[in-house]
Every structure is written in C-alpha cells, then in structure tokens.
Amino acid sequence: MTTWRPAGLSAAVWRGGAGLGAAALLRSSFTAKAGSTRFYLLTTTLAGTWTGGALGAGPIPWRGDRWCTRPGGAVRALVIVPVVTGAATFAVFYGAARVARRHRTLRRVIASVLRYADAGSTPLVVLIASGSGVAEELFFHGALWSGPRPLRTTTLAYAASTAATGNPALVLAGLITSAVFGWQRAVTGGVLAPAVTHVTWSVLMLRYLPPLFLDPDRNEVPAGHHAEAA
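Residues numbered from 1 in each chain as written. Predicted model: local features only at pLDDT ≥ 70, side-chain atom pairs only at ≥ 80, totals over all residues. Heavy atoms only, no water.

### Looking at the overall build of the protein
- A count of helical and extended segments in the protein gives 8 helices and 0 strands.
- Secondary structure elements of the protein occur, N-terminal to C-terminal, as α-α-α-α-α-α-α-α.
- For the protein, buried positions account for 42% of its 230 residues.
- For the protein, long-range pairs separated by at least 24 residues make up 76% of all intrachain contacts whose partners lie at least 6 apart in sequence.
- Accessible area for the protein stands at about 12,100 Å²; split by element, carbon and sulfur atoms hold 66% of it. (Helix = DSSP H or I, 4+ residues; strand = E, 2+ residues; numbered from the N terminus. Buried < 20%, exposed > 50% of the residue type's maximum accessible area, 1.4 Å probe, protein only. Contact = heavy atoms within 4.5 Å. Areas by Shrake-Rupley, 256 points an atom, 1.4 Å probe, with all protein chains shown as cover.)

Spelled out as structure tokens, the structure:
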C-alpha cells in the first residue's frame, strides 16, 4: 500500500498534527448543540482528521497476516470474533450503566454524553459514529501502533485524546475500549478486526444505552422502597 505524502512532512508530523487537531475538534464537538448542523460538521471533520493523519503517516496494515496460519480462519478471525468481542464489551458497559444510573453524579456525567446519541437523526448519528470508529482504529491502532509496548502506548494516547472532552466517563471508557481494540490489533496484526469490534460496540451503545438515561434528573427509587411525599 503506497501513501501519498507531501515532501517535507514526516510521519511524526502527520501523527502530531492529526492528534492536536482531533483533540481540538473533539472538545469543540462537545460544546455544540446536540443534533445541530455544527455538531455533525465537527464530528465528520474529526473522523476525517483521524483518517488523514493515519494515511499520511504511512501504510496501514488492514487485514494483517496472522489469520493466514489457519486455513479458512479469515472470517472467524476478522469478522466473527470481532463482532462477538464487540457485543461482549457492550454487555459489560450496559451492566455498568445500569448500576451507574442509580447514582446522581454518575448518571449526569453519562447522560451528558448520551444526549448526543439521542438527538437528531438516528441513522446519521450511527453512520458518523461508525465512520469515526473506523477512523480512530486507522489512527491509534494503525499509525500509532509501533514501539516495544504498542498496546500500552495507544491505550494511554486514546484516553488522553478523550480527556479533551473533560468528561471522566469518556476517559474511562477510552481506557477500557482501547485495550480491547488493541488486543484485537495485536492478535490479528491489522486494523480490520479492531475496526469491526469498535463499530459493533458503538452501534449497540447507541441503540441500547440512551433509553437508560432518558430522564437524568429522575430520582430512582430502589425496589421495596416508597418515595417520600413532596
């Protein structure tokens, strides 16, 4: 795979420029009104920034070659296992969300993120989230995947990028998911498997988490207890 790169721009410059630009776009997107044209424009530009930085930095291994050691194992390694992994990761997040929504502070922090998924055009949100997931994999587990401990490096880099939002729930989610997606990258040797896992997780999160936080100000009453009269 040959990547066009303007003379004088090194891979480090592409990665650094994309990282800084994406952090600014990510922060700006979380100050935009949910469902607004500005929000969609910022998030689409963000995905383009990740992708441009990744492709400009150099060749990206798409499928990898480790799956070739077992005849007929491509579909299992690159599609089935990633989809199952994405669904399992979602199940962990869903269980944690059901617990977190019982705590006012945690409920508000998570709901502040999910309001972007619950507003505007659902198909458009899913499309942008899926594209962003692939773009992030190209950048973090493609362009940044190097050095003696790439899993640790990319996990910390991904968490640092989400810190630009100022939302601790996103930082924690970034740490967990990047470790999972990075494991897929290490196992297969390419970005396709983590991209499939990422998209699967994102779509399930968008579909099933927002209903848990439709009314973040609602006081939930544990089973067996009665609300006090106002």
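So that's the structure; there's more coming.
### Details of the packing of helix 5 (residues 122-143) against helix 6 (residues 150-162)
- One way to put it is that helix 5 packs onto helix 6 with a least axis distance of 9 Å and a crossing angle of 135°. By the angle between their directions, the pair helix 5 and helix 6 is classed as oblique. On helix 6, the residues touching Glu 136, Phe 140 and His 141 of helix 5 are Thr 154, Ala 157, Tyr 158 and Ser 161.
- By residue class, the composition of the contact of helix 5 with helix 6 is 3 nonpolar, 3 polar and 1 charged. (Axes fitted to C-alpha atoms, helices over the stretch in contact; angles between N-to-C directions. Parallel < 35°, antiparallel > 145°, perpendicular 65-115°, else oblique. Nonpolar A, V, L, I, M, F, W, Y, C, P; charged D, E, K, R; others polar.)

### Details of the nonpolar core
- Residues Leu 46, Trp 50, Ala 54, Ile 60 and Phe 139 are the most contacted members of the largest nonpolar core, which totals 27 residues.
- Contributing elements (two or more residues each) for this core: helix 1 (11-29), helix 2 (37-57) and helix 5.
- Among the elements that take part in this core, helix 2 stands out by supplying 8 residues, more than any other.
- If near-sequence neighbours (up to four positions away) are discounted, Phe 139 is found in contact with Arg 15, Ala 18, Gly 19, Trp 50, Gly 53, Ala 54 and Leu 144.
- Formed by 14 residues, the second largest nonpolar core is a distinct cluster that contains Ile 110, Phe 181, Trp 201 and Leu 212. (Core = buried A, V, L, I, M, F, W, Y, C linked by side-chain atoms within 4.5 Å.)

### Points about the environment of Leu 138
- Inspection of the secondary structure puts Leu 138 in helix 5.
- Given a relative accessible area of 11%, Leu 138 falls into the buried group.
- Taking the C-alpha atoms as reference points, Leu 138 and Gly 53, separated by 85 residues in sequence, lie 8.9 Å from one another.
- The contacts of Leu 138, once residues within four sequence positions are left out, are Thr 51, Ala 54, Ile 60, Trp 62, Ala 143 and Val 191.

### A closer look at the packing of helix 2 against helix 5
- Relative orientation of the contacting elements helix 2 and helix 5 amounts to 25°, with a least axis distance of 8 Å. In this view, helix 2 runs roughly parallel relative to helix 5, as classed from their interaxial angle. In the crossing of helix 2 with helix 5, the sense of the turn from one axis to the other is left-handed. Of the residues in helix 5, those in contact with Tyr 40, Thr 43, Thr 44, Ala 47, Trp 50, Thr 51, Gly 53, Ala 54 and Ala 57 of helix 2 are Leu 124, Val 125, Ile 128, Gly 131, Ser 132, Ala 135, Glu 136, Leu 138, Phe 139, Phe 140 and Ala 143.
- Each residue belonging to the contact of helix 2 with helix 5 can be placed in one class, and the counts come to 13 nonpolar, 6 polar and 1 charged. (Left-handed = near helix turned anticlockwise from the far one by under 90°.)

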